Amino acid sequence: MTTQGKPADTPVDVAIIGAGPAGLTAAYLLSKKGFSVTVIEKDPKYVGGISRTVEHEGFRFDIGGHRFFSKSQEVVDLWNEILPDDFIQRPRMSRIYYEGKFYSYPLRAFEALWNLGIWRSTLCMLSYGKAKVFPNKNVKSFEDWTVNQFGYKLYSIFFKTYTEKVWGMPCDEMSADWAAQRIKGLSLWNAVTDGLKRSLGLNKKPNDGQEVKTLLETFRYPRLGPGMMWDAAKAHVEAKGNAVLMGHSLKQLAQDAAGNWRVSATNADGETIITAKHVISSAPMRELATRIHPLPQSMPEAQDLNYRDFLTVAIKVKSDDLFPDNWIYIHDDRVQVGRVQNFRSWSPEMVPDENIACVGLEYFCFENDGLWSSSDEDLIELAKKEMAILGLCKPEDVVGGAVVRQEKAYPVYDDSYEDNVATMRDDLEGRYPTLHMVGRNGMHRYNNQDHAMMTAMLTVENIEAGTRKWNVWNVNEDAEYHEAGDEGAQKVVAEEISEDRAAALESMRDVPTRIEEEKSATRAA
């Protein structure tokens, strides 16, 4: 391991836990503004978190698939600044696999009618009409919300199987917040009318005889995968004299009497201590709670936060290409795979051999369950078997493979998560005004990459201002369906913290001092 920049034990302005999109965005912007920064990352090799790109024998794998699209102009500008010359424009194509047939996504109306058949399509529309006339007025679960939006028939075909694969729990036990956040703005009526226009070619506009491409049809992508972005960000941070410590896991986080942070991190060579005025954490909230000393009052709520883990089985197949899609959603309970990526469709440069196709089968699991604990060899055999069941390739054509595991990939939206996050947020923000939680796991919110970056960008502004000017928890709260709209059409949307909340946070800052005073008084008595 090589670490550039200042020695790890040098006091810094900001210590950052995690070198994913949120952590490295904060490190990049703080470095640019002249702050001293040290980042710790437990992965010994890769930065980028779930947005990293793994390399195996010259082949590159995107962990989950990451289109570079954002409605935030600030995020788009930052992407272009960090990686100015390495974006390529790629065609967007996704389909749903259901009962041996493929459905374009977004919907193409005539294709869907043909695949489902007139009878089933009629039942879907009748079910949708019933949901609109007699909606469930007591919406609590993902199932309640989705049935209200699309009707039970469409929900059972296009949402239930895949969603339960992803989360490993029944849809009627998942919070409606998940659907409201991830499907918000996706209207069945709009999907049908847009599908009709696509099917009839009416979505074309005159532009020197060419079709105007929308963001639903093309997207930008780094030519060597999303990890290219975060490798570049890391290099920029180190070029400013700051440090990114790879292979370092957070051990303990504590404040001294002066309010400075003491961050203890361990690696193969022992322990490193970092002293900082501020800490930015993108570590999972549950993990952060166990590392803070003294343990927070919200520890019980933190321990109730749950996560879904994820693994990709990448296989190399003797073929020019298996399918043209970026990925295919698998709505089929005969197999465990949830989604299949085609890495060449993301970028041809990720697959160096034109005679070999490389695809990634995505499996959603819990850490240490049967899938997670399986050997790489067994997982590759499972992938070969399931590709054959789906009719996507023959097992004998597979010439190699690799497995990539990603723990805590998805914060779970169960029926108690919102209260648990709110309790922990109030506890930690109230006690520690210089502790900042950012990113997907740092805030236990299923944010996209650009939303995670926004939380870091606003946190940097808060640190620079010396106060919590912006409420970073508001980022993505009112976001529309993330596959629609115009790139860079908005400024970052976040509310300024209200005076009442700021006063409440201020009143909580001396809680640790009051507790110590009470303990001292008790001992004296």
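Conventions adopted
Here, residues in each chain are numbered from 1, in the same order as that chain's written sequence. Only residues with pLDDT of at least 70 get local features here, since the model is predicted, and only at 80 or more are side-chain atom pairs given and counted; chain-wide, interface and lining totals rely on the full set of residues. Side-chain figures throughout are based on the complete set of non-hydrogen atoms in the structure, without hydrogens or water. Helix and strand assignments follow DSSP, with helices taken as H or I runs no shorter than four residues and strands as E runs no shorter than two, numbered in order from the N terminus. In this scheme, a residue with accessible area under 20% of its type's maximum is buried, one over 50% is exposed, and one in between is partly exposed, where area comes from a 1.4 Å probe on protein chains only. Note on definitions: a residue-residue contact is assigned when non-hydrogen atoms from the two residues lie within 4.5 Å. Only the protein chains shown count as cover for residues, with accessible areas throughout obtained via the Shrake-Rupley method and a probe of 1.4 Å. Here, axes are lines fitted to C-alpha atoms. For helices the fit covers the stretch in contact, and angles between N-to-C directions go from 0 to 180 degrees. For classification purposes, an angle smaller than 35 degrees is called roughly parallel, one larger than 145 roughly antiparallel, one from 65 to 115 roughly perpendicular, and anything else oblique. Note on convention: the crossing is left-handed when the near helix lies turned anticlockwise from the far helix by less than a right angle, right-handed when the turn is clockwise. Gly counts as polar in this scheme, as do all residues outside two lists: the nonpolar Ala, Val, Leu, Ile, Met, Phe, Trp, Tyr, Cys and Pro, and the charged Asp, Glu, Lys and Arg. Stacked, tilted and edge-to-face are the three classes assigned to paired rings of Phe, Tyr and Trp, where Trp is represented by its six-membered ring and a pair needs centres within 6.5 Å; plane angles under 30 degrees give stacked, over 60 edge-to-face, the rest tilted. In this scheme, the term charge over a ring applies when either NZ of a lysine or CZ of an arginine sits within 6 Å of the ring centre and within 35 degrees of the ring normal. Residues grouped as a nonpolar core are buried Ala, Val, Leu, Ile, Met, Phe, Trp, Tyr and Cys residues, joined through side-chain atoms within 4.5 Å.

Considering the overall build of the protein
Point 1. In terms of regular secondary structure, the protein is built from 19 helices and 19 strands.
Point 2. By the burial criterion, 54% of the 525 residues in the protein qualify as buried.
Point 3. Considering only residue pairs separated by 6 or more positions, the protein has 73% of its internal contacts joining residues 24 or more positions apart.
Point 4. Surface exposure of the protein reaches about 23300 Å², of which carbon and sulfur atoms provide 50%.

Quick notes on the environment of Glu217
Point 1. Checked against the element boundaries, Glu217 lands in the loop between α8 (188-200) and β8 (218-222).
Point 2. Counting along the chain gives 127 residues from Glu217 to Arg90, while the straight-line C-alpha distance between them is 8.6 Å.

Some details on the packing of helix α5 (residues 142-150) against helix α6 (residues 152-167)
Point 1. Put simply, α5 and α6 touch, their axes get as near as 8 Å, and they point 140 degrees apart. One element, α5, and the other, α6, form an angle in the oblique class. The element α5 and its partner α6 pack so that their crossing is right-handed. On α6, the residues that touch Phe142, Glu143, Thr146, Val147 and Phe150 of α5 are Tyr152, Leu154, Tyr155, Phe159 and Thr163.
Point 2. The class makeup of the residues in the contact of α5 with α6 is seven nonpolar, two polar and one charged.

Description of the packing of aromatic side chains
Point 1. Inspection of every chain in the model, using the stated rule, returns 24 aromatic pairs.
Point 2. Taken together, Tyr162, Trp167, Phe219, Tyr221, Phe310, Trp327, Tyr329, Trp346, Phe364, Tyr410 and Tyr446 form an aromatic cluster joined through their ring pairs.
Point 3. The ring of Phe102 is capped by Arg95, whose NZ or CZ atom sits 4.4 Å from the centre of that ring.
Point 4. One Lys or Arg, Arg339, reaches over the ring of Trp327 and ends 3.9 Å from the middle of that ring.

Some thoughts on the nonpolar core
Point 1. Grouped together as the largest cluster of nonpolar side chains are 120 residues, with contacts concentrated most on Ile16, Phe61, Trp167, Leu253, Val263 and Leu435.
Point 2. In contact with Val263, not counting residues within four places along its chain, are Ala15, Ile40, Leu250, Gln252, Leu253, Thr272, Ile273, Ile274 and Val279.
Point 3. Leu361, Cys365, Leu382 and Leu392 belong to the second largest nonpolar core, which has 27 residues in total.

Some remarks on α5
Point 1. Counting buried positions along α5 gives seven out of nine residues, so the element sits mostly inside the fold.
Point 2. Residues Phe142, Asp144, Trp145, Thr146, Val147, Asn148 and Phe150 constitute the buried set of α5.

Any functional reading would require information beyond the geometric quantities listed.
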